[in-house]
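Below, each chain spelled out in residue letters.
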Amino acid sequence: MSAGTRQGGWSSVTADVPPGAGPRPDGERARAAAAVLGGGPAAAGAVRDGAAAMLLGEGPAVAGAVRDGAAAMLLGEGPAVAGVARDGAAAVQLGGGPAVAGAVRDGAAAMLLGEGPAVAGAVRDGAAAMLLGGGPAVAGVARDGAAALLLEGSAAAGAVPDGAEVVLPGASSGSVAGRVAVTPGGRPSTGGTRRGGLRVVVVGGGISGLLTAIRCVLDGHRVVLLERGPVPHPGATSFDQHRALRALVVGDTPATRQAAELHRRWRELDALLCDHLPGAGLYRRVGVLQAMPPGQVPAAVATASAAGVPIRIVHPSAYPLVGFPRGSGAVLEPHAGTLLADRMLHAAARWLRHHPDAELRPGREAVGIDPDRARVRLADGTTVTGDVVLVAAGPWTGALVDRPVALHRQTMVYLRPPAALAHAWAATPTVGGIGADGRAWLLPSVAGTLLKVSTDAVRRQVTTLSGPDDDAGWAARVLAAGVVSDVDGYDVVRVKHCHYATADDGDTGFVRVGPAVWARPASGGDGFRTAPLAADAMVAELAGQATAVV
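Residues numbered from 1 in each chain as written. Predicted model: local features only at pLDDT ≥ 70, side-chain atom pairs only at ≥ 80, totals over all residues. Heavy atoms only, no water.

Asker: Sorry, what's going on with the sheet that holds strand 25 (residues 366-370) here?
Answerer: Two strands in a sheet stick together by hydrogen bonds in their backbones, pointing the same way (parallel) or opposite ways (antiparallel). One open sheet accounts for 3 strands, arranged 25-26-27; its pairing is antiparallel. The open sheet is flanked by strand 25 and strand 27 (383-385), the only strands paired with a single partner. Taking the axes of each pair of neighbouring strands and ignoring which way they run, one obtains an average angle of 20° across the sheet. The pairing of strand 26 (residues 375-378) with strand 27 spans 3 bridges and is antiparallel. What sits directly across from R377, in strand 27, is T383. (Pairing = 2+ DSSP bridges. Helix = DSSP H or I, 4+ residues; strand = E, 2+ residues; numbered from the N terminus. Axes fitted to C-alpha atoms, helices over the stretch in contact; angles between N-to-C directions.)

Asker: How should I be thinking about the pattern of salt bridges in this particular structure?
Answerer: Charged atoms that come close allow side chains of opposite charge to pair. Enumeration over the complete set of coordinates arrives at 11 salt bridges. Of the charged contacts, one joins R361 and E359 as a salt bridge, the two residues approaching to 2.9 Å between their closest N and O atoms. Residue classification places R361 among the buried residues on the basis of a relative accessible area of 16%. Residue R529 pairs with D526 through a salt bridge whose shortest N-O separation is 2.4 Å. Where salt bridges share partners, they join R215, E261, R264, R265, E268 and D536 into one cluster. (Salt bridge = Lys/Arg side-chain N within 4 Å of Asp/Glu carboxyl O. Buried < 20%, exposed > 50% of the residue type's maximum accessible area, 1.4 Å probe, protein only.)

Asker: Looking at this structure, how should I read the packing of aromatic side chains?
Answerer: Describing an aromatic ring pair means giving the distance of the ring centres and the angle of the ring planes. Counted according to the given criterion, the structure contains 2 aromatic pairs. Aromatic pair W266 and F528: ring centres 5.8 Å apart, planes at 10°, arrangement stacked. Here W266, found in helix 2 (residues 253-274), pairs with F528, found in helix 7 (residues 527-546); they are 262 residues apart in sequence, far enough to count as distant. Pair check on accessibility: W266 and F528 agree, each one buried. Ring plane angle 75° and centroid distance 6.4 Å describe the contact between W425 and Y490, whose orientation is recorded as edge-to-face. Separated by 65 residues along the polypeptide, W425 in helix 5 (residues 422-426) and Y490 in the loop between helix 6 (474-479) and strand 34 (491-502) bring together distant segments of the chain. Just as W425 is buried, Y490 falls in that class too. The side chain of R228 reaches across the aromatic face of W396, ending 4.6 Å from its centre. (Phe/Tyr/Trp six-rings, centres within 6.5 Å; stacked < 30°, edge-to-face > 60°. Lys NZ or Arg CZ within 6 Å of the ring centre and 35° of its normal.)

Asker: Quick question: what am I supposed to make of the sheet that holds strand 28 (residues 388-391) here?
Answerer: The sheet built from 6 strands is open, its strands ordered 24-17-16-28-36-35 with mixed pairing. Edge positions in the sheet fall to strand 24 (358-362) and strand 35 (511-514), since each has one partner strand and no second. Averaged over all neighbouring strand pairs, the angle between strand axes comes to 20°, with direction disregarded. One ladder, built from 3 bridges, connects strand 35 with strand 36 (residues 517-519); its direction is antiparallel. Opposite R512, over in strand 36, you have W518 as the bridge partner. Of the strands in this sheet, strand 16 (199-203), strand 17 (222-227), strand 24 and strand 28 are in contact with helix 1 (residues 207-218), which crosses strand 17 at around 165°. (Contact = heavy atoms within 4.5 Å.)

Below is the structure:
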C-alpha cells in the first residue's frame, strides 16, 4: 500500500459489540477501536479496555490513552512510533506501504493486507480481524470467536461464524485479495500467502520448530505450527531447565568461530523474546569451564586465539565443588554460559502467539507427511496444507519422513545443593570434561534452577522412544561418576531420560525430503544450541522460493 492509493477519508468510527456477545465485566458497553484516516492530521481520543487507537494520515498522528493490553502504533509519512503495549499485546506493520495493527489479546491476531490503508480495531478472546482491500478499511470489535468488520464506509458485518467468508466490495469470492475466512477458533486465513511470502506449516513445537517459525515470520512468511501436545510441550526433548552455550572446539578453528557466532544469535533472540526487559535474560553468561589433560591446554589457547574467542587458563583447585579428573588442567570461556531452555521455549511460544503472522495449533498430532504436495495428515483425520512443510519434531521426526537416524538416550540427574553451598553454586560456571574419567558435565543452579549432572558413560543407543530402561541403574551411575564432590550431601530431586537422533553423515540441519518438505531429523546432542543456525539456513533456503508465490 502507498499513500497515493488512499480513497476518501474517515473521520471517526465506533461500533458496538455484536448482539449476544455478552456484557462487559465492568457493566460498560464495549466499544470498537477509534480510528482516523484522512489527508491531514489525525487524533484519536481515549480508548480503553482492550481497544486500540489507530491513526494514519498525511500529517502527524497522535494516539490517545490506550490501556489494558491494547497496543497503539502510529504511522505517518515519517518514522513510525509505537505507543503503549502491555500485557502481551502486539503491534505489527505489514505490506508495501503504511499499515497499522490494532490490539492483539488472549491469543487473537490482527492482520493487515492490501493495496490501500488498513486499520485494525480491537481483537479479543481468541477472535481475529483481517482486513483486505484497495481502499481504507476499519475493523470494529471482534469478540468470542466472531469478527465484526466495517468495509468501504458502508458495510458493517456482525458476528461471523467459524469458517464463514466475508467478501469485500469490488472483489470476487475466489480472489485471495478479496476475502476473509474466519477459521475454527476465530483465527483468520486469506487462503493463500501474503504477497512475496509463503504459508509455512511447521510440525513440532520444540526449540527447532519455534525458532524456525520465528525466523520465517520475521522474513515475511505466514506460519502455522502444529504440536501434538501443548506449546511448549513439557515432554519435548528440548524442554529442560538449561543448556550449555560454549564456543571452544579444541583443534577446530572454523567450528569454534561458527560456535562463537551463536553467542551473538542467542543474544539477539534473548533481546527479541524478552523485549529488552531488564533482568529477564534467558541467556546467562556465567562462563563455561572445560577440563582437559594439561598437554591439550596450549592447543585450546591456540584455537581460541585463532577464532577470536577469549579464554583463560585456570586451575581446577579454584572450583572445589566440582570433581575433576586427577591431574587435569582447565580453560574458562568467560563469555559463554547457560541458556534457560524451558523459559526460552515459553518466551518463543508467547512471541508467536501474539504475532498476527503466526498461528499455534496445540493438540494436533501429525501422523503423515505428503512430501509432494506439502500436506500434513493429522491423527483426527484432517489435513493441513501449505506452500512449504518443515518437520522439526526432534527424535520423533524419523516416524514422519523417510530419513534413517540412530536414536540415543541419556540420563540426567537434578540435584539440590545443601543450603550452605547454594551461593557458591550460583557463581560456578558450566563445566565439561569432569568426573573421574573426564566424560561428565554439569550445569550450575543458576536463576533458580537445579544443579544438573550427567556423563557420556550413560548415553546409549536405543530403538524406541518409549519405555526408558529405568531399572538399569542409570541414575546411580551418574551419581557414582564423581561429578560433584561429596554428592551424598545433595538431594536428588529429579531423574530425566533425554532422547536425540543422529545421522550417519553427521548432518544436523534441515534436509530436503520432498519438493516442498524439509525436515531436521537428526539434530544431535547439541541440537538446542545450534537451533538458530538451522533456522537461519532454512529461511535462506526459502528466500528464493517465496518470490515465486504471489
